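# Working through the structure, step by step
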Amino acid sequence: MTEFEHASIVLCPAGPMLLRGKHEVLDADGKVHHTVRPVSAVCMCGGSAIKPWCDGTHRLLAARARDNDEPNAG
Ligand code: FES
């Protein structure tokens, strides 16, 4: 791998961006949010009710998209 023990930022497919360690996250309104957990999940789908953090809504959105893609959905 690299000189690092592990990645400090992990991009989850169709999910959040995981931040390891201390970070400052600047939201669209210019507000700074400080990470307070060893691992923090930043919403990348836009559906979270607690932005900038992930609240798991991406799973619901993915399930809805799958349902809508089924031929007999309706
Ligand atoms: S990525 Fe999880 S709610 Fe948006």
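Look above for the structure.
Described in the following lines is the structure provided in the data block. Remember, it's a predicted structure, so these values are computed and weren't measured experimentally. (Residues numbered from 1 in each chain as written. Predicted model: local features only at pLDDT ≥ 70, side-chain atom pairs only at ≥ 80, totals over all residues. Heavy atoms only, no water.)

For the bond from K51 to P52, the omega torsion is 10 degrees, close enough to zero to count as cis. With respect to the secondary-structure elements, P52 resides in the loop between β5 (39-42) and α1 (57-69). Even without a glycine there, the phi angle at A14 is positive, about 55 degrees. Looking at the secondary structure, you find A14 in the loop between β1 (9-11) and β2 (17-20). (Helix = DSSP H or I, 4+ residues; strand = E, 2+ residues; numbered from the N terminus.)

Spatially, 3 strands are ordered β1-β2-β5 in an open sheet, and the strand pairing comes out antiparallel. In this open sheet, the two strands that pair with only one neighbour each are β1 and β5. Pairwise comparison of adjacent strand axes, ignoring direction, gives a mean angle of 20 degrees for this sheet. Note: β1 against β2, 3 bridges, orientation antiparallel. Counted as the bridge partner of I9 is L19 from β2. (Pairing = 2+ DSSP bridges. Axes fitted to C-alpha atoms, helices over the stretch in contact; angles between N-to-C directions.)

Moving on, we come to the pairing of β2. The alternating pattern of β2 places M17 and L19 on a buried face, while none of L18 and R20, on the opposite face, is buried. From the end of β1 to the start of β2, which pair antiparallel, there are 5 residues, and A14 there has a positive phi angle of about 55 degrees. (Buried < 20%, exposed > 50% of the residue type's maximum accessible area, 1.4 Å probe, protein only.)

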